[in-house]
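Descriptive structure summary
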Amino acid sequence: MVKARYSGGKLREMTKGKKSIYTAISGFSLTLINGLLGLIVINLIISNYGSDFNGLNSTATQFITMLLLIESGFTLATNVALFRPLADQDYNAINKIMSATKRIFNKIGIVFFLIGIILSIGYTFLIKTDLSNNIVILTFLMTVISTSFNLFYTTKFRILIQTEQKEYILNSIQIFTLIIQQVIIIIVILLEGHMLLVRFVTMVGAIINGLIIAYIFKKSYDFVDFNAIPDYKAIKGTKDVFIQKFTSVLYLSFPIIFISATAGTIYASVFSVYNSIFLMLKNVIYAFINAPQMGFGKLLAENDKNYACKVFIQYEFIAINVLLCLLTTATVLIMPFINIYTKGFVDIDYTNWYIALLLIGITFFEIIHIPSGHIINMSGNFKVARNIQIAASVVLITVMIIGNMIFGFYGILLAVLSTAVLLAVLEINYVYMVFFKRSSLDLLKILLPNFIVSMLLSYFGISLLPTIKGYLEFIIAGFILVILNGSVILIFNLIINRKITIEILNRMRVSIPRKFQTK
């Protein structure tokens, strides 16, 4: 084993708990800034360029997400492959894996670019829009260019930073570039610049973000040798991960692509507005839930399954309660926000409770199984994940076809909801009953009482909420509801689930740096 100088030594000394907290805080900040600026930009786009262009923009983003199937899960597989060498400080093994990663993503970037161009031109003739073909094609191509660049050049740098559980570095860079990018887009719109400039600024921002990541990596990881002999065999399970990617793409991207091709980009705009709100909510929750993901990988690599099980149950408990607190608040405030946000939009009515309720259900079941999904992937059980995802894909495609025939594009959302439920049942049961050899009823005992409390909070919140006429009133109401809902859920668990609640509060207190603790 050969060890090399590591210039980032001080950061490596940081505990997994502190890294998770920093990642959660930076992830939450990124989500909040991205969500708020995104909603401002979407509002300005619809007001100045119309719902048609907003729908096109949203479709282009999801179209690229679908094309990322080409990546085939190499990122996740490489993360898992690096856990053991990093734990052992085996720099020879790390360099061999990173060298293989570079070569793999160089090929992926080129293939993505070529296929992206061909499919972008082809999809232009399928999409229903009143915009010119030139605008549609250029919008798609600019999205392809920025994504291709990041696959070809940036991803190999991101992977090691992620595996080291330093996503807070990536989040901080993203926050910096995002603010500049969105401010420039707002200026372009206010100055009545051409709509294509919006997508051009987004493309340039993504490329600059990648260049900054590369610069930080080269300064901090000077031991990495991308010219080492590549070890492709160390990166296992990519075919199994591909199935996960396939289901994820259908699950996340197909609804808006399907709507654009059948109902049109104006209706896609309606869905995208609701989806952007719930996406911001989900990303806030992801900031907390995903923060310890790489830490679990390292913990499981140390082969301490009993301790990992204890930490996992606490982690899942936090995820459940954060989810229920925020989702309850969103349920109460979704329609007041839509009424304020879409005031003055004249090309289509954005008020739609059916979409809202379906997305509430999808969000709940989608997030509830994420902790279990992390355990399956971080333990390297890609074949298990593959089998689960195959079953989910079959259900998704079947219900999608039947649902669309009966309920139109609402049937697409019902298919997504059905898939989320199935994934939750299968992944949670596997992790509890097979991996940790416990009863999944342990989760139900925690989830069901908290779910009932959240339903009651939602009912009373909708019934008692006064009319909200502006953004300031909305922000105040949201702040009060989060505090109120969070306090009720916390007090309820201190009574019903006292032991685990106290354990988690103590763990959080220990993980917070002393300079932030009250003396």
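Our structure's up above, just so we're on the same page.
Residues numbered from 1 in each chain as written. Predicted model: local features only at pLDDT ≥ 70, side-chain atom pairs only at ≥ 80, totals over all residues. Heavy atoms only, no water.

Some thoughts on the side chain of N171
Threshold: Here a helix means four or more residues in a row that DSSP labels H or I, a strand means two or more in a row labelled E, and each is numbered from the N terminus. In this description, contact between two residues means that some pair of their heavy atoms is separated by no more than 4.5 Å.
Within the element layout of this structure, N171 appears in helix α7 (residues 167–190). Those residues within four positions of N171 in sequence are excluded, and the remaining contacts are T23, S26, G27 and L30.

A short note on unusual backbone geometry
Stated precisely, the cut-off is as follows: Partly exposed describes any residue whose relative accessible area lies between the buried limit of under 20% and the exposed limit of over 50%, with all areas from a 1.4 Å probe on protein chains only and scaled to the type maximum.
With phi around 60°, E192 is a residue other than glycine that occupies positive phi space. With respect to the helices and strands, the residue E192 is situated in the loop between α7 and α8 (195–220). Judged by relative accessible area, which is 69%, E192 ranks as exposed. Not every positive phi belongs to a glycine, and K437 is a case in point at roughly 55°. If you trace the backbone, K437 turns up in the loop between α16 (409–435) and α17 (441–464). Assessed through its relative accessible area of 69%, K437 is described here as exposed.

Considerations on the packing of aromatic side chains
How we decide: Note on aromatic pairs: the rings of Phe, Tyr and Trp (six-membered ring only in Trp) are paired at centre separations within 6.5 Å, and the planes decide the class, stacked below 30 degrees, edge-to-face beyond 60, tilted for the rest.
Tallying each qualifying case throughout the model produces 19 aromatic pairs. With centroids separated by 4.6 Å and ring planes inclined at 75°, the aromatic side chains of Y91 and F223 adopt a geometry described as edge-to-face. Pair noted here: Y91 is in helix α5 (residues 91–124) and F223 is in the loop between α8 and α9 (238–262), with a separation of 132 residues, a long-range link. Taking 5.8 Å as the distance between ring centres and 85° as the angle between the ring planes, the aromatic pair formed by F157 and F226 counts as edge-to-face. Of this pair, F157 sits in helix α6 (residues 133–163) while F226 sits in the loop between α8 and α9; the two residues are 69 residues apart in sequence, bridging distant segments of the chain. Of the two residues, F157 and F226, neither departs from the other in class, the shared state being buried. Clustering of aromatic rings is evident, with ring pairs tying together Y91, F149, Y153, F157, F217, Y221, F223 and F226.

Section: the pattern of salt bridges
Convention followed: For salt bridges, the criterion is a side-chain nitrogen of Lys or Arg within 4 Å of an Asp or Glu carboxyl oxygen.
Tallied over the full model, the rule gives 3 salt bridges. With a shortest N-O distance of 3.2 Å, K282 and E366 are connected by a salt bridge. Note that K282 is positioned in helix α10 (residues 265–289) and E366 in helix α13 (residues 353–368), a separation of 84 residues in sequence. Pair check on accessibility: K282 and E366 agree, each one buried. Where R438 meets D442, a salt bridge forms, and the shortest distance between an N and an O atom there is 3.2 Å. Relative accessible area serves as the criterion here: at 26%, D442 is assigned to the partly exposed category.

As for a nonpolar patch on the surface
Note the following rule: To count toward a patch, a residue needs a relative accessible area over 30% and no salt bridge; like charges are then connected within 9 Å, while nonpolar side chains (Val, Leu, Ile, Met, Phe, Trp, Tyr) are connected within 5 Å. Note on areas: Shrake-Rupley with a 1.4 Å probe; residue coverage comes only from the protein chains shown.
A cluster of nonpolar residues, L441, L444, L448, F451, I452, M455, L456, Y459, F460 and L464, forms a patch on the protein surface that exposes about 1000 Å² of accessible area. Among the secondary structure elements, L448 is positioned in helix α17. Judged by relative accessible area, which is 44%, L448 ranks as partly exposed.

Observations regarding the environment of G116
Note on placement: G116 falls in helix α5. It is 7.1 Å that separates the C-alpha atoms of G116 and L67, two residues lying 49 residues apart in sequence.

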